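Structural description and commentary
As a plain string of letters, each chain reads:
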Amino acid sequence: MEFKTADLCDHFSDTVQIGEEPFGDFGGRAPFRGVIETIKAFEDNSLVREAVGEPGDGKVLVVDGGGSMRRAMLGDMLAAKAVKNGWSGILINGCIRDSADIGEMDLGVKALGTHPCKTEKRGLGDRNVTVRFAGVTFEPGHYLYADEDGFIVSEAPLEMPDA
């Protein structure tokens with residue numbers, strides 16, 4: 001299904017959550033959509049590495065990095081793993097690095113910004129838990145739709161009515 005978040009908002013504004021913060025587009029794919037998987041981790045991307053190393057099956061990885069602007073939760077090597085394993089996209093409440101390389105990949109990536117410093121690998125964080133940022137509650141199994149205009153979250157897949 002081709003979509004625009006603006007059109008989805010027009011038709012489903014009563015049932016979707018709309019992201020509030022100004023996330024930048026860094027991946028080579030827009031738009032992107034998929035079933036949500038979540039990670040909550042602060043300045044430690046160990047669980048991101050684990051997740052993108054598994055089959056993505058067109059899903060979207062939502063990473064709540066606590067809004068940190070001091071470390072990058074995703075770099076080119078992990079983004080390449082995500083592409084190889086079939087992830088549709090990654091939304092990060094935090095930073096990425098290697099943005100020029102990621103911009104060439106067939107992966108949707110939205111983040112707050114860039115930072116050249118990698119995270120420490122301590123194995124800390126939680127996976128597939130409810131996370132909340134940008135005025136949205138992200139539940140594993142719900143659906144995320146993203147494009148250049150922003151992102152929305154729905155409990156169920158969205159189908160545009162026939163014109």
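As shown above, the structure is provided for reference.
Presented here is a report on the structure given in the accompanying data block. (Residues numbered from 1 in each chain as written. Predicted model: local features only at pLDDT ≥ 70, side-chain atom pairs only at ≥ 80, totals over all residues. Heavy atoms only, no water.)

The next point concerns the overall build of the chain. Within the chain, the secondary structure is distributed over four helices and twelve strands. Taken over the C-alpha trace, the chain has a radius of gyration of 15 Å; the compact-globule value for 163 residues is 15 Å, and the two agree within 12%. Counting only residues that meet the buried cut, the chain has 45% of its 163 residues in that class. Considering only residue pairs separated by 6 or more positions, the chain has 75% of its internal contacts joining residues 24 or more positions apart. (Helix = DSSP H or I, 4+ residues; strand = E, 2+ residues; numbered from the N terminus. Rg over C-alpha atoms; globule rule 2.2 N^0.38 Å. Buried < 20%, exposed > 50% of the residue type's maximum accessible area, 1.4 Å probe, protein only. Contact = heavy atoms within 4.5 Å.)

Turning next to the pairing of strand S4 (residues 60-64). S4 sits mainly inside the fold: five of its five residues count as buried. In S4, alternate side chains face the same way, and those of Val60, Val62 and Asp64 on one face and Leu61 and Val63 on the other are all buried. Here strand S3 (residues 32-40) pairs with S4 via five bridges, running parallel. Considered in S4, the bridge of Thr38 is made with Val62. (Pairing = 2+ DSSP bridges.)

Counted according to the given criterion, the structure contains five aromatic pairs. A ring pair is formed by Phe23 and Phe133, whose centres lie 6.0 Å apart and whose planes are at 40°; its orientation type is tilted. A residue pair is termed long-range when its members are at least 10 positions apart, and Phe23 in the loop between strand S1 (17-18) and strand S2 (24-25) and Phe133 in strand S9 (residues 131-133) qualify at 110 residues. By the burial criterion, Phe23 is buried, and Phe133 matches it. (Phe/Tyr/Trp six-rings, centres within 6.5 Å; stacked < 30°, edge-to-face > 60°.)

All chains considered together, the criterion is met by ten salt bridges. Of the charged contacts, one joins Asp106 and Arg29 as a salt bridge, the two residues approaching to 3.0 Å between their closest N and O atoms. Residue Asp106 is located in the loop between helix H4 (99-102) and strand S7 (108-114), and its partner Arg29 is located in the loop between S2 and S3; the two are separated by 77 residues in the primary sequence. The partly exposed category is assigned to Arg29, whose relative accessible area is 25%. One salt bridge in this structure joins Glu37 and Lys59, with 2.8 Å as the shortest N-O distance. Placement of Glu37 in strand S3 and of Lys59 in the loop between helix H2 (46-52) and S4 is noted, with a sequence separation of 22 residues between them. In this structure Glu37 comes out as buried when scored by relative accessible area, which is 12%. Judged by relative accessible area, Lys59 falls into the partly exposed class, the value being 23%. Through salt bridges with shared partners, a single network forms among Glu37, Glu50, Glu54, Lys59 and Arg127. (Salt bridge = Lys/Arg side-chain N within 4 Å of Asp/Glu carboxyl O.)

From the geometry alone we can't say anything about function, so treat these as descriptive.
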